[in-house]
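Residues per chain, in single letters:
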Amino acid sequence: GVGSGLDRLNREILEGEAYSTAPTGEQPTENRDTFAFIVDQNPETSSNVAKGLAAVLPIILSGALATSYFAIGASSNLAASTEFGELPDVIKRYLPLLSSLPTIGVAMLFVAAEFRWAVCDETLPKSRLLCPANIAAFVYVSVAYVAQSVNPTLLPLHNGVNFALAVAVSRALAPFLVKESSRSLQFIAIALLGLTLFDVVSVFGTGAVANAATDETAVSVMETVARSKIATSTSSVWAPGLLEVTYGGKPPTEALGLGDVVFPSLLLAWSFAVDSSDHCNKERYGYTKAATLGYVLGSAATEIVGSFSILGERAGLPALLFLVPCMLGAVTVSAWFRGELSEIYGLGEK
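Basis of the calculations
- Residues numbered from 1 in each chain as written.
- Predicted model: local features only at pLDDT ≥ 70, side-chain atom pairs only at ≥ 80, totals over all residues.
- Heavy atoms only, no water.
- Helix = DSSP H or I, 4+ residues; strand = E, 2+ residues; numbered from the N terminus.
- Expected span 1.5 Å × (residues − 1).
- Buried < 20%, exposed > 50% of the residue type's maximum accessible area, 1.4 Å probe, protein only.
- Patch = residues over 30% accessible without salt bridge, like charges linked within 9 Å, V, L, I, M, F, W, Y side chains within 5 Å.
- Areas by Shrake-Rupley, 256 points an atom, 1.4 Å probe, with all protein chains shown as cover.
- Salt bridge = Lys/Arg side-chain N within 4 Å of Asp/Glu carboxyl O.
- Core = buried A, V, L, I, M, F, W, Y, C linked by side-chain atoms within 4.5 Å.
- Contact = heavy atoms within 4.5 Å.
- Axes fitted to C-alpha atoms, helices over the stretch in contact; angles between N-to-C directions.
- Parallel < 35°, antiparallel > 145°, perpendicular 65-115°, else oblique.
- Nonpolar A, V, L, I, M, F, W, Y, C, P; charged D, E, K, R; others polar.

Caption draft 1: Broad picture of helix 6 (residues 101-119). For helix 6, with 19 residues, the first-to-last C-alpha span of 27 Å sits near the 27 Å given by 1.5 Å per residue. All buried positions along helix 6 are accounted for by Ile104, Ala107, Met108, Val111, Ala112, Ala113, Glu114 and Arg116.

Shown next as structure tokens:
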């Protein structure tokens, strides 16, 4: 069930358990399988969580964005303060690295889980700390965090850490929004539209508010946070959150927010789940192909609008504004041709 899947994900990340798709045959225990007891024992709980996620995700992201924005301001004020200037040079040099240690630790947990999945060796003992996958993850994340100071051509290593974080978030969210017993797209559509609205407001709606007291060009809260992450990626310490494109060891020329990958992947997960269960349809993986095509078209639209400044001179655009309508539109057209519109936008059980 959904709860047991979350418990397994927790054990993979926090306890170092090897990834396995095979059922263990073990009965859930209250101490070990918390989510299984909370969610799987009550069928209505999973549905209620799905409704809550669809409504609450934009609010959670708004809080996270506001926290990052104010943290950037506080960090800038600290760097400009007289007290900071009086600190010894060795402390000022290593303080950013020390402040990043909690983030580095979290990144290692997620990357190690993905490395163990890649190895997928179920013969390894559980919770083996010094297994090859964990050692490789430690080396990978360590190099990624100091890539700029070691060699600028290593900057693409950042994206591997970001993808590991993205996969873990998608695996945690997808079971609640993608139901094995239902072909309904309602919850995912509501969540994606809410997240798109959040993205648009964060980019277009906060610039004037954030800079109301100045005559400078308005810079949105989202753009401020993104610029800060890009700036840290070209300094001695890197912070995750952006997928970056570099060329010739130069600073990142293009960047895509991690949410622009994670949240569309939920629609792709739904498409794959529905296609996999539909053995009678002659067109295999029709929804998956439609969702993938929609993502490609949305990415192209984002590049075109940004390159030609169709929405004005801006350093960044809300990518979900283009990705979500294109993906939902492609899936909707596919459903229309298959005569399944009422089924995927309803709540019918298969």
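Caption draft 2: Representation of a nonpolar patch on the surface within the structure. A surface patch of nonpolar side chains, about 540 Å² in accessible area, is lined by Leu129, Leu130, Ile135, Phe138 and Val139. With respect to the element layout, leucine 130 can be found in the loop between helix 6 and helix 7 (132-145). On the basis of relative accessibility, which here comes to 63%, the residue leucine 130 falls in the exposed class.

Caption draft 3: Quick peek at the environment of proline 240. Among the structural elements, proline 240 can be located in the loop between helix 12 (221-233) and strand 1 (242-245). Taking the C-alpha atoms as reference points, proline 240 and histidine 158, separated by 82 residues in sequence, lie 7.3 Å from one another.

Caption draft 4: Representation of the nonpolar core in the model. With 32 residues, the main nonpolar core has Leu185, Ile188, Phe263, Leu267, Trp270 and Val331 as its most contacted residues. Those elements that place two or more of their residues in this core are helix 9 (157-177), helix 10 (186-205), helix 13 (259-277), helix 14 (286-307) and helix 15 (320-338). For this core, the leading source of residues is helix 15, giving seven residues. If we skip the residues at most four places from it in the chain, phenylalanine 263 touches Leu57, Leu61, Leu173, Leu192 and Leu195.

Caption draft 5: Expanded view of the pattern of salt bridges. Under the counting rule described, the total for this entry stands at four salt bridges. Ionic pairing is found between glutamate 340 and arginine 183, a salt bridge with its closest N-O pair at 2.9 Å. Separated by 157 residues along the polypeptide, glutamate 340 in the loop between helix 15 and helix 16 (341-344) and arginine 183 in the loop between helix 9 and helix 10 bring together distant segments of the chain. On the basis of relative accessible area, arginine 183 is assigned to the buried category, the value being 4%. We note a salt bridge from glutamate 340 to arginine 338, for which the minimum N-O separation is 3.7 Å. Note on glutamate 340: relative accessible area 11%, which makes it buried. Salt bridges sharing partners connect three or more residues here, namely Arg183, Asp275, Arg338, Glu340 and Glu343.

Caption draft 6: Fine view of the packing of helix 13 against helix 14. Two elements in contact, helix 13 and helix 14, have axes separated by 7 Å at closest approach and are oriented at 160°. By the angle between their directions, the pair helix 13 and helix 14 is classed as roughly antiparallel. Of the residues in helix 14, those in contact with Asp260, Val261, Pro264, Leu268, Trp270, Ser271, Phe272, Val274 and Asp275 of helix 13 are Gly286, Tyr287, Thr288, Ala291, Thr292 and Tyr295. A class-by-class count of the residues in the contact of helix 13 with helix 14 yields nine nonpolar, four polar and two charged.

Caption draft 7: Broad picture of unusual backbone geometry. Unlike most non-glycine residues, serine 309 shows phi in positive territory, near 50°. Turning to its location among the elements, serine 309 is positioned in the loop between helix 14 and helix 15.

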